[in-house]
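What follows is the residue order along each chain.
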Amino acid sequence: MELDLDQVPVFNHAAHQALAIRPVPPVLLIDLHEVTLLDSAGLNALLQTRIQASRQGTAVHLSRP
């Protein structure tokens with residue numbers, strides 16, 4: 001799987017759903033073991049997810065990058 005400009009909307013949707021769970025999860029674990037390509041759009045999506053999560057008190061952890 002590639003986390004690039006084409007796949008960022010799919011990732012963003014999944015991340016948004018995960019961060020909408022109540023009560024707020026203390027940790028959001030993002031498993032990257034199947035990601036074969038991560039371009040600047042994908043990196044930006046990860047960063048934006050971390051920022052959004054941080055605002056609500058959730059830590060983001062990357063698994064198997």
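This structure is a prediction, so every number in the text was calculated from the model and none was measured. All residue numbers refer to position in the chain's written sequence, counted from 1. Under the rules for a predicted model, residues below a pLDDT of 70 receive no local features and side-chain atom pairs below 80 are neither given nor counted, while totals for whole chains, interfaces and linings still include all residues. The basis for the side-chain values is all heavy atoms of the structure; hydrogens and waters are excluded.

Regarding the overall build of the protein chain
Then, number 1: Each helix is a run of H or I in the DSSP string that is no shorter than four residues. Each strand is a run of E no shorter than two, and both are numbered from the N terminus. Scanning the protein chain from N- to C-terminus turns up two helices and four strands.
Then, number 2: From first element to last, N terminus to C terminus, the protein chain shows the α and β order β-α-β-β-α-β.
Then, number 3: Think of it in three bands: residues with accessible area under 20% of the maximum for their type are buried, residues over 50% are exposed, and the middle band is partly exposed, with areas taken using a 1.4 Å probe on protein chains only. Classification of the 65 residues of the protein chain by burial places 28% in the buried group.
Then, number 4: For the protein chain, the proportion of contacts with a sequence separation of at least 24, taken over those separated by at least 6, is 81%.
Then, number 5: In these tables, accessible area is a Shrake-Rupley quantity obtained with a 1.4 Å probe, and a residue counts as shielded only by the protein chains included in the view. Summing over all exposed atoms, the protein chain offers an accessible surface of approximately 4400 Å²; the carbon and sulfur share of this is 59%.
Then, number 6: For the charge count, each Lys or Arg is scored as positive and each Asp or Glu as negative, with His and the chain ends excluded. One atom stands in for each charge, and that atom is NZ of Lys, CZ of Arg, CG of Asp or CD of Glu. Put simply, the protein chain has 4 plus and 6 minus side-chain charges, and the middle of one group is 18 Å from the middle of the other. Here, two residues are considered to be in contact whenever any of their heavy atoms come within 4.5 Å of each other.

Here we look at the side chain of T49
Then, number 1: With respect to the helices and strands, T49 occurs in helix α2 (residues 40-55).
Then, number 2: For T49, the residues in contact, after removing those within four places along its chain, are F11, A15, L19, L28, I30 and V60.

Some words on the pattern of salt bridges
Then, number 1: Salt bridges are identified by distance alone: a Lys or Arg side-chain nitrogen within 4 Å of an Asp or Glu carboxyl oxygen. Going through the model one piece at a time under the given rule, you end up with one salt bridge.
Then, number 2: When the shortest N-O distance is used, the salt bridge between D31 and R64 registers 2.7 Å. Residue D31 is found in strand β2 (residues 27-31), and its partner R64 is found in the segment after β4 (59-63); the two are separated by 33 residues along the sequence.
Then, number 3: Take R64: its relative accessible area is 48%, and that puts it in the partly exposed class.

Looking at the pairing of β2
It is a general feature of regular strands that their side chains alternate between the two faces of the sheet.
Then, number 1: Alternating residues of β2 divide into L28 and I30, all buried, and V27, L29 and D31, none buried.
Then, number 2: If DSSP finds at least two bridges between two strands, the strands pair. The pairing of β2 with β4 spans five bridges and is classified as parallel. Looking across to β4, one finds that V27 is bridged to A59.

A word on the environment of G42
Then, number 1: Locating G42 in the fold gives a position in helix α2.
Then, number 2: Along the backbone, G42 and T58 are 16 residues apart, and their C-alpha atoms lie at a distance of 20 Å.
Then, number 3: Setting aside chain neighbours within four positions, we find G42 in contact with L3 and V8.

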